[in-house]
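Residues per chain, in single letters:
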Amino acid sequence: MKFQMATANTSNRVDRAEALRRDGCIQEGLKVVEQTLAETPDHARSLLLKSRLFYEQGDLPQAIEALRRLERTLGGRETRPLVTALERLKDHRGSPRPAAFATESMAKLLTQQGYLLEALEVYRQLFEGAPNPNEIRDEILRLKTLAAKEGSREAAKERVDCELETWQSWLEDHPKGT
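Residues numbered from 1 in each chain as written. Predicted model: local features only at pLDDT ≥ 70, side-chain atom pairs only at ≥ 80, totals over all residues. Heavy atoms only, no water.

A separate point is the nonpolar core. Residues L110, Y123, I136, I140 and L143 are the most contacted members of the largest nonpolar core, which totals 45 residues. Contributions of two or more residues to this core are made by α1 (2-22), α2 (26-39), α3 (44-57), α4 (60-74), α6 (104-112), α7 (116-129), α8 (133-150) and α9 (157-173). A total of eight residues in this core trace back to one element, the largest contributor, which is α7. Leave out the neighbours within four places in its chain, and L110 touches L48, Y115, E118, A119 and V122. (Core = buried A, V, L, I, M, F, W, Y, C linked by side-chain atoms within 4.5 Å. Buried < 20%, exposed > 50% of the residue type's maximum accessible area, 1.4 Å probe, protein only. Helix = DSSP H or I, 4+ residues; strand = E, 2+ residues; numbered from the N terminus. Contact = heavy atoms within 4.5 Å.)

Here is the structure:
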């Protein structure tokens, strides 16, 4: 029971940090993520969010370090494309910053880890500039269906249900072929 409470608290805290990020409160989000990592140093979602927060703050070296730590935690190469993209950005300071975290690699990584709601958000961002948005829309529909059946890692059922309603509206507003 104590472990379940700790997991729920961690999930709620990371959700709060993500909400702060979306509201533009980067420093506050970093503080919340650091609290989580102090308790659970290898928490994958926290490390990923930490990297994203540093990226959005413009601190590429810290963003890269957090991704490397995530890579060590996962014991694989899932984050290598993101690290490479951020390293390239370091060499092109002054040019417009692309959304390094809105990549198919990031969406696939989140999907593999079971963070389906987060993966859906990345795919939504990809949809905006996709040369073939129907493929992205199909993936969004597939993940929405999967999340309805299996949930999303560290997300309460109520949150999943609420966000899936929003995704249903989004799909209706973006019919195939438009």
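Picking up where we left off.
Turning next to α2. An ideal rise of 1.5 Å per residue puts 20 Å on 14 residues; α2 measures up with 20 Å between its terminal C-alpha atoms. Among the residues of α2, those classed as buried are I26, G29, L30, V32, V33, T36 and L37. Taken around the axis of α2, the buried residues stretch over an arc of 165°, which confines them to a single face. Away from its buried face by more than 90 degrees, α2 exposes K31, A38 and E39. (Expected span 1.5 Å × (residues − 1). Arc of directions from axis to C-beta.)

Next up on the list: the pattern of salt bridges. If you walk through the whole model with that rule in mind, you get 14 salt bridges. With a closest N to O distance of 2.6 Å, R21 and E18 form a salt bridge. With R21 and E18 both in helix α1, this residue pair falls three residues apart, about one helical turn. Judged by relative accessible area, which is 12%, E18 ranks as buried. In this structure, R22 engages E18 in a salt bridge whose closest nitrogen and oxygen atoms are separated by 3.2 Å. Placement of both R22 and E18 in helix α1 is noted, with a separation of four residues, approximately one turn of the helix. (Salt bridge = Lys/Arg side-chain N within 4 Å of Asp/Glu carboxyl O.)

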